[in-house]
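Listed below, chain by chain, are the residues.
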Amino acid sequence: MQNIVQKIDKNSKIAVLCGGMSSEAEISRRSGKGCFEALLRLGYKNAEMVEVDENIAEKLKNGKYDYAYNALHGKYGEDGCIQGILEILKIPYTGCGVMACSVCMNKEYTKRILSTNKDIPLIKSVFVQKGEDVKEKTKDLKFPVFTKPVCEGSSFGMTKVNSREELQAAYDEAVKYNDDVLIEEFVEGISATVGVLQGEDGLFATEILEIRPKNDWYDYEAKYTKGMTEFILPAEISDEMTERVKDIAVKSFKAAGCAGVSRVDFLITEDTPYVLEINTSPGMTETSDLPAQSAVMGINYDNLVQIILNGAGLNK
């Protein structure tokens, strides 16, 4: 287990940013509530939950906060927008900086950045922009495929497409969320995710969480409904593959310019761990992956919150 040192003054005024204006607002409130209560238990009596809306800059300025703990998910919260406001107001904040958040929020741009490192395996995909012919763009892909809005989380707008006949309807669903859509070949394998944290001793990967949804794939219902997914910790993969996945997770974190905390999602076949995406603001709810991954390493929820808080300002 990594050293867990309290680096932030207990009298600091901390804004726990939650809610927001994305489709993931309610999930963010659940994450924020958990982090806020942990901060109180850790002795940060001046922590406050701050609901993010169009007046957030004024709230932050008037609140005279020393730090911001980012528990936001989705648009405006993990795409560089709130990070830019915090930079302007000179409030140190947790998690990744403006650039990394902007890049990682976009699944296509993430893949382009990661493709610069030959050690990071990626699944074949195409990027379809507004006005382009989706059937023409996907002519070289093998079905089934997944259609994914490029800038959405929690599986919103995502569909597994089993045949070309189903493609248009799935694409139309995705563009309800974003004009741009990533279409990726379906690969049979193990769904897994691993956190990367910036601790006192440097970067380290958490244990790997294997995800076995009861639905056909890891959709919104499976992610946020208790009992709908079986979680295997640590993942039932070889020691060699375990080390490879952790190594690739850290390399992906570095390639994307992440800081503080992120979670890297994988699809693991018998011989290849494919990186799917990087989440720069992992969920911190009672059913979220990162707290469970950390707990297996001996890092309980409160200590995880402390580690993330310690990273405030590392995103410069």
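Located above this text is the structure these notes cover.
Residues numbered from 1 in each chain as written. Predicted model: local features only at pLDDT ≥ 70, side-chain atom pairs only at ≥ 80, totals over all residues. Heavy atoms only, no water.

Draft legend 1. Structural view of the sheet that holds strand 4 (residues 125-128). One open sheet accounts for four strands, arranged 4-7-5-6; its pairing is antiparallel. Each edge of the sheet is formed by a strand with only one pairing partner; in this case those strands are strand 4 and strand 6 (159-161). Neighbouring strand axes in the sheet, compared pairwise and without regard to direction, differ in orientation by 25 degrees on average. Pairing of strand 5 (residues 145-149) with strand 6 involves three bridges; the strand directions are antiparallel. Within strand 6, the residue paired with Val 145 across the bridge is Val 161. (Pairing = 2+ DSSP bridges. Helix = DSSP H or I, 4+ residues; strand = E, 2+ residues; numbered from the N terminus. Axes fitted to C-alpha atoms, helices over the stretch in contact; angles between N-to-C directions.)

Draft legend 2. Structural detail: the pairing of strand 12 (residues 261-268). In terms of burial, strand 12 is largely enclosed, as eight of its eight residues are buried. By the alternation rule, side chains of strand 12 split into Val 261, Arg 263, Asp 265 and Leu 267 and Ser 262, Val 264, Phe 266 and Ile 268, which are all buried. Pairing between strand 8 (residues 190-199) and strand 12: eight bridges, direction antiparallel. Paired with Val 194 across the two strands is Val 264, which belongs to strand 12. Pairing of strand 12 with strand 13 (residues 273-279), which is carried by six bridges, proceeds in the antiparallel orientation. Across the sheet, the residue bridging to Arg 263 is Asn 279, located in strand 13. Adjacent in sequence and paired antiparallel, strand 12 and strand 13 are bridged by four residues. (Buried < 20%, exposed > 50% of the residue type's maximum accessible area, 1.4 Å probe, protein only.)

Draft legend 3. The side chain of Gln 293, seen in detail. Within the secondary structure, Gln 293 sits in helix 10 (residues 289-296). There is a polar contact of 2.5 Å between the side chain of Gln 293 and the backbone oxygen of Thr 193. Not counting residues up to four positions away in its chain, the partners in contact with Gln 293 are Thr 193, Val 194, Gly 195, Thr 206, Glu 207, Leu 209, Leu 233 and Arg 263. (Polar contact = N/O pair within 3.5 Å; in protein donor to acceptor, adjacent residues only side chain to side chain. Contact = heavy atoms within 4.5 Å.)

Draft legend 4. Spotlight on the sheet that holds strand 1 (residues 14-19). Strand order in the open sheet formed by three strands is 2-1-3, with parallel pairing between adjacent strands. For this open sheet the edge positions go to strand 2 (47-52) and strand 3 (67-70), each flanked by a neighbour on one side alone. Strand-to-strand twist in this sheet, taken as the mean axis angle between neighbours without regard to direction, amounts to 30 degrees. Along the sheet face, helix 2 (residues 56-63) touches strand 1 and strand 2 and points at about 160 degrees away from the line of strand 2.

Draft legend 5. Representation of the pattern of salt bridges within the structure. Going through the model one piece at a time under the given rule, you end up with 21 salt bridges. Among the salt bridges present, the one from Asp 302 reaches Arg 41, with a minimum N-O distance of 2.7 Å. In this pair, Asp 302 sits in helix 11 (residues 301-310) while Arg 41 sits in helix 1 (residues 25-41), placing the two residues 261 residues apart along the sequence. Accessibility expressed as a relative area gives 17% for Asp 302, which makes it buried. Note that Lys 118 and Asp 119 form a salt bridge whose closest N and O atoms lie 3.7 Å from each other. It is possible to trace a salt-bridge network through shared partners that takes in Lys 118, Asp 119, Asp 247 and Lys 251. (Salt bridge = Lys/Arg side-chain N within 4 Å of Asp/Glu carboxyl O.)

Draft legend 6. Focus on the nonpolar core. Counting 26 residues, the largest nonpolar core has Val 194, Val 264 and Phe 266 as its most contacted members. For this core, the secondary-structure elements that each account for two or more residues are helix 4 (98-105), strand 8, helix 9 (239-255), strand 12 and strand 13. The dominant element in this core, judged by the number of residues it contributes, is helix 9, at six residues. Each residue touching Val 194, except ones within four places of it in the same chain, is listed here: Ala 205, Thr 206, Glu 207, Ile 208, Val 245, Ala 249, Ser 262, Arg 263, Val 264, Phe 266 and Gln 293. Ranked by size, the runner-up nonpolar core spans 25 residues in total, among them Ala 38, Leu 197, Leu 304 and Leu 309. (Core = buried A, V, L, I, M, F, W, Y, C linked by side-chain atoms within 4.5 Å.)

Draft legend 7. Focus on helix 4. Residues Ala 100, Cys 101, Val 103, Cys 104 and Met 105 constitute the buried set of helix 4. Packed against the buried residues of helix 4 are helix 3 (81-89), helix 5 (107-114) and strand 13.

Draft legend 8. Molecular detail of the side chain of Asn 279. One can find Asn 279 in strand 13. On the accessibility criterion, Asn 279 (16% relative accessible area) is buried. A distance of 2.9 Å separates a polar atom in the side chain of Asn 279 from the backbone nitrogen of Ser 281. The contacts of Asn 279, once residues within four sequence positions are left out, are Glu 78, Ser 262 and Arg 263.

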